[in-house]
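Examination of the molecular architecture
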Amino acid sequence: AILIEAAHVRNTLRWDLSPDEFRSQTESLITRVKKFYDNVGSLNLDDVSVENTLETLAEAKLEYASSRHVLDFPQFVFPSKEIRSASTEADKTLADFDVEISMREDVFKRLTALQAKLQVDVSPEGKRFLDRLVTLGRRKGLHLSKEVQEQIKVTSKLISELCIEFNKNINEDNTSLVFSEHELGGLADSYLSGLERTADGRYKVTLEYPHYYPLMKRCHNPETRRKMETAFHSRCKEVNSTILEQLIQLRAKVSSLLGYSSHANYVLEINMARNACNVSDFLDTFYETLKPIGIKERKYILALKKRECLMRGQHFDGIINAWDLPYYMNQVEQCKFAVNKDKLIEYFPLHVVTEGLFSIYQELLGLTFSEVEHAHVWHHDVKLYSARDTDTGQEIGHFYLDLHPREGKYGHAACFGLQPGGRGPDGKRRLPVAAMVANFTKPRKNWPSLLQHHEVETYFHEFGHVMHEICSKFSGTLVETDFVEVPSQMLENWVWEKEPLRRMSRHYKDGSPIPEDLLDKLIASRVANTGLMNLRQVVLSKVDQTLHSSSFADTAQVFTKHYQDILGVPATPDTNMTASFSHLAGGYDGQYYSYLWSEVYSADIFFSRFKNEGIMNPKVGKEYRKVILETGGSVDGMVMLKSFLGRTPNQDAFFQCKGLTKSH
């Protein structure tokens, strides 16, 4: 059975399309899906029913989502630039089509007719689906005049195109800098030996995560850090600053046509937060609580910097620069918490972390993972796994892991849903498929891929998204955007607990366990830099809210102002971090606050249930799978939370976990 099902998935997801096939399959998909909409749109208003309207549209959505990602996902991961371009083009065509089908006034009229007709005769999921479609129709202006609809349509298409362009520019950026060994003082041999050399023996450093972050944390030459930080926050500066500023104007225009005071208020209406005012209050309260801690942490960092400048005979300028932050925050962990990062990384080889992570997730959620042999993948580093329910043996989904950097590949860590679960028109269950994409250091001869602890945390987080995608019986990530991070954030807590940490660590040479004292210090260091790290999240959330609460903006200036006001650190002159802030063009516009907002709920879930009843308690794990993961987007986030917690959620655990006590 395994082989048959695995073959079935291999047949449904093909990764060997030629550029021409991208074009022809895109056209064929558009034709097939449009037919469903045409059928609904041509119904007599009196004849609409659940079967001919709602079920037809559900089928269309499933058909579309199942075929779309084979076309639009390769742009993020394929080794061939030609294929990445073909995928980007397909994505642009499909993004235009998204706008077209979301603005079918004829279909909208059939849906409102059905809504008026139906009082009781529909399942709760059916009613939620119908209400959602009508709400989305109204949010596209389908109840407004033809002229306004046309303006919205044209502008929305332009927005989609610019977003794709914005992210493509970031993914294709291959800037590198060259430094001498002296300029890279403080970096380990293992880091240097992984760098390309130039003809004159110097080192080539790229801006990919495994190059950038270790350098920023460890290099004790401030000039090298300054050059790197400047380059990192100047990626795509000219082209993407222009695109982002256009996006802000266009989003404001659409929101205003729809009768909203700002784009932020428009997107927030269907989130848990409801409006910009609530988000602003939430961020301000959090900021006030963090402010005194941030001041203390900056004072301590400045003292560290003064001491280091004296020791190294460097000029002390009396301020913390943007390129000093990662370096001295790393020192805080070493000085205050005595966490030896060089020692620690040796206990986290990637294969051991993967094995431990798999065993924790399998035990907790009642699942069994197995690798699919000879799977059809897009690069030889990629692996495909099958997930089954341990009790019934039923296969529930597949997931790919693509964990190492390559040129042209998506530069962050993320989970991509490739095929939604659900029943197809033939009544057969379609298996959900997801891919986790990350950029962990590649293994080299005699040197395995070793992870920093924060990368282990990232791995756990993104894998949480994978579980949400493949366990969901409905549409996993169609929950509110400010709830979507809850399931994965909640699972990050495991990387700060002893038992799970022991399971996913062994020394890469002799397989020995992490020494107890190193483990204790690591766990205690969770609150290291809590002020500055969380204030940075407040900065990004506020920048996003400010940009999307106005109808035009100077993005670099907005970032510089908030960085200085909230973090107390000047942004480096002539840089613009927002030009590579991919969230603003990747579905988090007006919603970056979601990361902090959903942490409130994930902390509450963890402390009140798992920490109380046992973090490896399979009873709580299975209930979590059933109530939170399987439910997907079929009920509101708040309903799920109340059901799992047995009460209304509160913020106490969030502040406690950050090492803060909430000021009343």
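Conventions used here
Residues numbered from 1 in each chain as written. Predicted model: local features only at pLDDT ≥ 70, side-chain atom pairs only at ≥ 80, totals over all residues. Heavy atoms only, no water. Helix = DSSP H or I, 4+ residues; strand = E, 2+ residues; numbered from the N terminus. Rg over C-alpha atoms; globule rule 2.2 N^0.38 Å. Buried < 20%, exposed > 50% of the residue type's maximum accessible area, 1.4 Å probe, protein only. Lys, Arg positive; Asp, Glu negative; His and termini not counted. Charge placed at Lys NZ, Arg CZ, Asp CG, Glu CD. Contact = heavy atoms within 4.5 Å. Pairing = 2+ DSSP bridges. Axes fitted to C-alpha atoms, helices over the stretch in contact; angles between N-to-C directions. Parallel < 35°, antiparallel > 145°, perpendicular 65-115°, else oblique. Nonpolar A, V, L, I, M, F, W, Y, C, P; charged D, E, K, R; others polar. Left-handed = near helix turned anticlockwise from the far one by under 90°. Core = buried A, V, L, I, M, F, W, Y, C linked by side-chain atoms within 4.5 Å. pLDDT = per-residue confidence, 0-100. Phe/Tyr/Trp six-rings, centres within 6.5 Å; stacked < 30°, edge-to-face > 60°. Lys NZ or Arg CZ within 6 Å of the ring centre and 35° of its normal. Polar contact = N/O pair within 3.5 Å; in protein donor to acceptor, adjacent residues only side chain to side chain.

1. Here we look at the overall build of the protein
Within the protein, the regular secondary structure consists of 27 helices and 10 strands. Its C-alpha radius of gyration of 25 Å places the protein within 12% of the 26 Å reference for a compact globule of 664 residues. Burial analysis of the protein (664 residues in total) assigns 56% to the buried set. Distance between charge centroids for the protein: 3 Å, based on 81 positive and 88 negative side chains.

2. Description of the side chain of serine 386
Checked against the element boundaries, serine 386 lands in strand E5 (residues 383-389). Classification of serine 386 by relative accessible area gives buried; the value is 1%. Ignoring any residue separated from it by four or fewer positions in sequence, one finds serine 386 in contact with Thr368, Phe369, Ser370, Val372, Glu395, Gly397 and His398.

3. Topic: unusual backbone geometry
Even without glycine at this site, alanine 338 takes up a positive phi of about 50°. Tracing the sequence through the fold places alanine 338 in the loop between helix H15 (325-337) and helix H16 (341-345). When its relative accessible area of 36% is taken as the criterion, alanine 338 is described as partly exposed. Located in the positive-phi region is aspartate 574, a residue other than glycine, with phi close to 65°. Residue position: aspartate 574 is located in the loop between helix H23 (555-567) and helix H24 (594-613).

4. Side note on the pairing of strand E3 (residues 203-206)
Note that strand E1 (residues 176-179) and E3 share 4 bridges and pair antiparallel. Residue pairing in the sheet places valine 178 in a bridge with lysine 204 of E3. Bridging between strand E2 (residues 196-197) and E3 involves 2 bridges; their strand directions are antiparallel. Within the sheet, the bridge partner assigned to arginine 197 lies in E3 and is tyrosine 203. Linkage of E2 to E3, two consecutive antiparallel strands, is achieved through a turn of 5 residues, within which glycine 201 is found at a positive phi near 85°.

5. Remarks on the packing of helix H2 (residues 19-41) against helix H3 (residues 50-72)
Between H2 and H3, whose axes approach to 9 Å, the crossing angle comes to 170°. Relative to H3, the element H2 is oriented roughly antiparallel. For the contact of H2 with H3, a count of residues per class yields 11 nonpolar, 6 polar and 5 charged.

6. Observations concerning the environment of asparagine 167
Relative to the helices and strands, asparagine 167 resides in helix H8 (residues 146-172). Sequence-distant contacts of asparagine 167, defined by excluding residues within four places in its chain, comprise Ser582, Ala585 and Gly586.

7. Description of the packing of H3 against helix H6 (residues 105-117)
Packing of H3 against H6 brings their axes to within 11 Å, and their N-to-C directions diverge by 125°. One way to sum up the angle between H3 and H6 is to call them oblique. Crossing of H3 against H6: the hand is left-handed. Between H3, through Val50, Thr53, Leu54 and Leu57, and H6, the contact on the second element is made entirely by Val107, Leu111 and Leu114. Class assignment for the residues of the contact of H3 with H6 results in 6 nonpolar, 1 polar and no charged.

8. Concerning the nonpolar core
Among the nonpolar cores identified, the biggest contains 188 residues, and Phe399, Met467, Trp494 and Phe610 are the most heavily contacted of them. Per element, the largest residue contribution to this core is 10 residues, and it comes from H24. For phenylalanine 610, the residues in contact, after removing those within four places along its chain, are Leu364, Met490, Trp494, Ile605, Ile615, Val620, Gly621, Tyr624 and Phe644. Membership of the second largest hydrophobic core comes to 18 residues, among which are Leu184, Tyr212, Ala231 and Trp323.

9. Examining the sheet that holds E3
Backbone-to-backbone hydrogen bonds join strands into a sheet, with any given pair of strands oriented parallel or antiparallel. Read from one edge to the other, the open sheet built from 3 strands follows the order E1-E3-E2, with strand pairing classed as antiparallel. Every other strand in the sheet has two partners, leaving E1 and E2 as the edge strands with one partner each. Contacting E1 and E3, helix H11 (residues 222-232) runs over the sheet at an angle of about 170° to E1.

10. A word on the confidence of the model for the protein
For the protein, mean pLDDT is 94; residues scoring 70 or higher make up 96% of the total. For the stretch residues 1-11, pLDDT sits under 50, and the model shows 14 contacts to residues farther than four places along the chain or on other chains.

11. Brief notes about the sheet that holds strand E10 (residues 433-437)
Ordered by their spatial adjacency, 5 strands build an open sheet running E4-E5-E6-E10-E7, and the pairing between neighbours is mixed. Each end of this open sheet is capped by a strand with a single partner; those strands are strand E4 (367-371) and strand E7 (414-419). Neighbour-to-neighbour, the strand axes of this sheet turn through a mean angle of 25°, independent of strand direction. With 6 bridges joining them, E5 and strand E6 (residues 395-402) adopt antiparallel strand pairing. Residue pairing in the sheet places tyrosine 385 in a bridge with phenylalanine 399 of E6.

12. Quick word on the packing of aromatic side chains
Applying the stated criterion across every chain yields a total of 44 aromatic pairs. With a centroid separation of 5.1 Å and 45° between ring planes, the pair formed by tyrosine 592 and tyrosine 595 is classed as tilted. Over the ring of tyrosine 203 we find arginine 197; its NZ or CZ atom is 4.1 Å from the centre of that ring. Against the face of tyrosine 327 rests arginine 225, its NZ or CZ located 4.0 Å from the ring centre.

13. Things to note about the side chain of histidine 412
Residue placement: histidine 412 occurs in the loop between E6 and E7. The class for histidine 412 is buried, based on a relative accessible area of 18%. Side-chain polar atoms of histidine 412 contact the side chain of tyrosine 209, separated by 2.3 Å. Once residues within four sequence positions are removed from consideration, histidine 412 is found in contact with Tyr209, Val437, Ala438, Asn439 and Ser582.

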